[in-house]
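# Residue-level structure breakdown
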Amino acid sequence: MRSLPSALKTWNQNVPKVLLPLSLLSNPNKCFSEFIKHPSHFNCILSYAIASGLYKDPFISSKLLYYSFSICRNLSFSRSLFFQIQNPNIFAYNFMIKAHSQSSTPIESIILYNLMLRNGIFPDNYTFPFILKACGHLLLLNKGQEVHALSLKLGLEYDIFVQNSLISMYSSCRKIEIARGVFYLVPIFIRDVVSWNSMMSGYVQCDCSGEALKLFGNLLGENCARFDEVTLINALTASGRMGFLDLGKELHGLIIVNSFVLDVFLGSSLIDMYAKCGKMEDARKVFAKIPDRNLVCWTSMIVGYVRLDMFKEAIELFREIQLAKVVADAALAASVISACGHMGALEQGRWLHAYCERNGIDMNLSVRNALIDMYSKCGEIEKACQIFNEMVNRDVFSWTSMISGLAMNGKSDEALDLFAQMEMSSDVKPNEVTFLGVLSACSHGGFVVKGFHYFKAMSLIHHIKPRIEHYGCMVDLLGRANLMVEAENFIRAMPVEPDVVTWRSLLFACRSHGNAELAELAINKIEELEPRRSEAHVLLSHVYASASRWGDVNKVRKCMARQKIQKNPGCSFVEINGLVHEFFAEDKSYNQINVLYETNMQIHKVLQSEGLESDLLDHQQQ
């Protein structure tokens, strides 16, 4: 038997009865609700009940158990009280099962449920929803099915609370077909809005967004239950994942027409929907209208910016978070760190790393993986290696980020050695992205034979079917090695249709090695796939220029002029004092452009004094 805290065990048994209303004995229900206003009041009553023997009364002990948590908010204390009850009734069991199902220890709900059955007490309709919730959290499908069977034996097949809980449990266990069967076995006149919401949420959980939207249409068409905010949140999530912007806008209209409050839940769902549909301006408008923004709202906006490669906007919005004095969590920190990596904002990334440590943010796998990726992209590969080596637990993203980081920093041998360690690990297996990093390492290192070995090992050993990106890596590998004929033959033998990236890789190789004939083939294929884009024409003109075919260079430029194809200006990012500045080629709008030109002039003079050639000022001489 579990023991109570010592303070209660040693309580003086001669408690002055003046402290306790006489109604405690005659009407405990009234006494508890009126007398208990403070934990000390509760301790007084509890001590008297134990000392006087009243605690043996199941009704009194159950009520004390209920108030022990509602007043003291201490589940461990409530457990101690529960195990002091000689014969707990169904009320006591239900309370403890419910409390544990909503806590961080849902497994205790299962243990108490099993104990209840062994003691000959059958669950009722209040027990099942909470025990099913615990089964869903723990993904205990077999136990959930056992509970389902008992609920049927007890005649609860039409109890709406039990059936809704079954739908949620099966959905959490990714058994959406069984959840759907439960939903449709409930008569339509019994289903409530929670039934529809549970089924829609299950579809969304199991990546069946189309089915979720179809069910939402049925709900509107059958007019059998009125939708609520949760219904719209599920529909917005499904619309965003499907990219259905028009439907998302109609759902936004339903929110306005029905005068739903734009709280953080609806607001975040709208932001996420617009972001997934590529409409960050609309997302920002929704964000501005949410009165009490919480961390989820900020995170939805920043994740949306990062997903659409709007890294500068993501970093700027994070600065606003600092002004709003909102402390980030791991998910938000990982997104902003990722943005810093893509922007090359090393100082900002370092500051974020320190920010996480200073604010006690959980340095989970996502944060550490983002840090590895950020430091790798910013050239701090030693720091990335340090973080990787200090990790106790690594997932496939950890290994992949480190392998890719080593490859992009010219450490091809180390990247392949690390992949060999990953292959020997029994904890994690490589995926498609891992092999992109491996093939990239082979390409940068000029390891043609190794590249083909790993390319074949993908399907033969690891049973991963190569995607178009992997074929593109092989073309790049052959092109960098100046095996242009082999690269062309490889493209022609590909089992999938080459995409524009594949042909562009070949065109880059042609530029590097001056193969004008093959470059013409590549440019023709690129024009078929991406007409009116300037990059390929510019590369072709460079190929002709390197071969001194100036007539062909002029033909390409006239063709571009005739088709009104304009060259996109080059763009660079420079980080100064933690701020990222964006510059375009020949852009004279920057207020300190003369200072930049003067600095370039000084660099040019230093390089010339060292006997080196520089084209830093070529754009000024044109």
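Residues numbered from 1 in each chain as written. Predicted model: local features only at pLDDT ≥ 70, side-chain atom pairs only at ≥ 80, totals over all residues. Heavy atoms only, no water.

## Let's talk about the overall build of the protein chain
Along the backbone of the protein chain there are 36 helices and two strands. Residues counted as buried form 45% of the 622 residues belonging to the protein chain. Put simply, 60% of the contacts in the protein chain that link residues at least 6 apart link residues at least 24 apart. Looking at the protein chain as shown, the accessible area adds up to about 32,300 Å², and 53% of this sits on carbon and sulfur atoms. (Helix = DSSP H or I, 4+ residues; strand = E, 2+ residues; numbered from the N terminus. Buried < 20%, exposed > 50% of the residue type's maximum accessible area, 1.4 Å probe, protein only. Contact = heavy atoms within 4.5 Å. Areas by Shrake-Rupley, 256 points an atom, 1.4 Å probe, with all protein chains shown as cover.)

## Regarding the pattern of salt bridges
Taken as a whole and assessed by the stated rule, the structure comprises 12 salt bridges. The partner of Lys 143 in a salt bridge is Glu 146, with the nearest N and O atoms 2.9 Å apart. Highlighted residues: Lys 143 and Glu 146, both in helix H10 (residues 141-153), separated by three residues, approximately one helical turn. Look at Lys 143 and you get buried, because its relative accessible area is 15%. Among the residues examined, Glu 146 registers a relative accessible area of 40% and is labelled partly exposed. Note that Glu 469 and Arg 467 form a salt bridge whose closest N and O atoms lie 3.3 Å from each other. In this structure Glu 469 comes out as partly exposed when scored by relative accessible area, which is 38%. Note on Arg 467: relative accessible area 35%, which makes it partly exposed. The structure contains a network of salt bridges with shared partners spanning Arg 174, Asp 207 and Arg 241. (Salt bridge = Lys/Arg side-chain N within 4 Å of Asp/Glu carboxyl O.)

## Re the state of the cysteines
Across all of its chains, the model carries zero disulfides by this definition. Looking at the unpaired Cys 340, the closest cysteine sulfur is the one in Cys 378, lying at 7.6 Å. Residue Cys 340 is classed as buried on the basis of its relative accessible area of 0%. (Disulfide = S-S within 2.5 Å.)

## A look at helix H19 (residues 295-307)
Here H19 is 13 residues long and its end C-alpha atoms lie 18 Å apart, about the 18 Å a rise of 1.5 Å per residue gives. If you check which residues of H19 are buried, you get Cys 297, Trp 298, Thr 299, Ser 300, Met 301, Ile 302, Gly 304, Tyr 305 and Val 306. Here the buried face of H19 lies against helix H17 (264-276), helix H18 (280-289), helix H20 (311-323) and helix H21 (330-343). In the segment just after H19, Asp 309 is the residue with positive phi, at about 60 degrees. (Expected span 1.5 Å × (residues − 1).)

Any link to function would need more than the numbers given here.
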